[in-house]
Amino acid sequence: MYPQLLAHVKRQVQLTPAEEHLLCETMELLKFNKKQIILESGRHCKGEYFVLSGLLRQYYVNAKLNEQIVQFALENWWIADHDSIVNHVPAGTYIQTIEASEVLLLHNKDKGPLLEKIPKLETYFRLTMQRAFIASQRRIGFLFNQTDEERYRYFIGLFPDFVQRVPQYMLASYLGFTPQFLSRIRAKR
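Because the structure is predicted, anything quoted here is derived from the model rather than measured.

Participant: Residues and numbers for the sheet that holds strand β5 (residues 67-74), please.
Facilitator: Strand order in the open sheet formed by four strands is β2-β7-β4-β5, with antiparallel pairing between adjacent strands. At either end of the open sheet lies a strand with only one pairing partner, and these are β2 (37-39) and β5. Adjacent strand axes in the sheet meet at a mean angle of 30°, parallel and antiparallel pairs treated alike. By the bridge criterion, four bridges tie strand β4 (residues 55-61) to strand β7 (residues 94-97) in an arrangement that is antiparallel.

Below you can see the structure in the form of structure tokens.
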């Protein structure tokens, strides 16, 4: 059994003990070293990853071969290339560990049958995706409407512990500015 996953699910829906067992039995436990690639661009995403411990990032590599981080995932967060999963196309992003990590993988092939057996999980995944979509919309709004410094201050206010775990250049990539700019902001403090 995976108490972290079950606690996360219970915030949205209540499962019976048998349903909890089936959910946990369907998940695959994976362990990764620091800086290990979980998904490469051009490959199909195997499924959705739930982070038990550690820290991951999802990123694109642009035409200038610069990495642009679009998502971080720490404990109790989900991460996947949903374009690859939903549209059955090769992934456009990479997913890599920042720290040694343990994740649970819900394979694409297993999700449909699991949702048929536990319909309440449809609600759980819908609500989880809605929250992720809202967070994405807010991030886009911040990129358009806040200065770089405002964006940084807001982010560290929301996630002070998280900022300590992420290398400076990755945080700068996620927030949409250069590591040098981030150094100047931090020097002001």
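Participant: Lay out the packing of helix α2 (residues 17-26) against helix α4 (residues 108-117) with the relevant residues and their values.
Facilitator: At a minimum axis distance of 11 Å, the contact between α2 and α4 shows a crossing angle of 180°. Here α2 is positioned roughly antiparallel relative to α4, judged by the angle of their axes. Of α4, the residues touching α2 (which contributes Leu22, Leu23 and Thr26) are Asp110, Leu114 and Lys117. Looking at the contact of α2 with α4 residue by residue, the class counts come to three nonpolar, one polar and two charged.

Participant: Please provide a residue-by-residue account of the packing of aromatic side chains, values included.
Facilitator: Evaluation of the coordinates by the stated rule reveals 14 aromatic pairs. Through successive ring pairs, a cluster of aromatic residues spans Phe72, Trp77, Phe155, Phe159, Phe162 and Tyr174. It is Arg57 that lies over the ring of Tyr59; its NZ or CZ is 4.0 Å from the centre. The ring of Phe125 carries the charged tip of Lys111 above its face, separated from the ring centre by 4.1 Å.

Participant: How would you explain the side chain of Arg139 if you had to name every residue and give the values?
Facilitator: Note on placement: Arg139 falls in helix α5 (residues 120-145). For the buried Arg139, no salt bridge is present, and the opposite-charge side chain at shortest range is Asp148, 11 Å distant. At a separation of 3.3 Å, a polar atom in the side chain of Arg139 contacts the main-chain carbonyl oxygen of Ile69. Not counting chain neighbours up to four residues away, the residues in contact with Arg139 comprise Gln68, Ile69, Val70 and Tyr174.

Participant: Go over the sheet that holds strand β1 (residues 28-32) with me, naming the residues and quoting the values.
Facilitator: Taken together, four strands build an open sheet; the order of strands is β1-β8-β3-β6 and the sheet is antiparallel. Looking along the sheet, the strands with just one partner apiece sit at the ends: β1 and β6 (78-79). In this sheet, strand β8 (residues 101-107) lies alongside strand β3 (residues 47-53) in antiparallel orientation, the contact comprising six bridges. Residue pairing for β8: Ser53 is matched across the bridge by Glu102. The strands touched by α4 within the sheet are β3 and β8, with β8 carrying the most contacts at an inclination of about 65°.

Calculation notes
- Residues numbered from 1 in each chain as written.
- Predicted model: local features only at pLDDT ≥ 70, side-chain atom pairs only at ≥ 80, totals over all residues.
- Heavy atoms only, no water.
- Pairing = 2+ DSSP bridges.
- Helix = DSSP H or I, 4+ residues; strand = E, 2+ residues; numbered from the N terminus.
- Axes fitted to C-alpha atoms, helices over the stretch in contact; angles between N-to-C directions.
- Parallel < 35°, antiparallel > 145°, perpendicular 65-115°, else oblique.
- Contact = heavy atoms within 4.5 Å.
- Nonpolar A, V, L, I, M, F, W, Y, C, P; charged D, E, K, R; others polar.
- Phe/Tyr/Trp six-rings, centres within 6.5 Å; stacked < 30°, edge-to-face > 60°.
- Lys NZ or Arg CZ within 6 Å of the ring centre and 35° of its normal.
- Buried < 20%, exposed > 50% of the residue type's maximum accessible area, 1.4 Å probe, protein only.
- Lys, Arg positive; Asp, Glu negative; His and termini not counted.
- Salt bridge = Lys/Arg side-chain N within 4 Å of Asp/Glu carboxyl O.
- Polar contact = N/O pair within 3.5 Å; in protein donor to acceptor, adjacent residues only side chain to side chain.

Keep in mind these values describe shape, not function.
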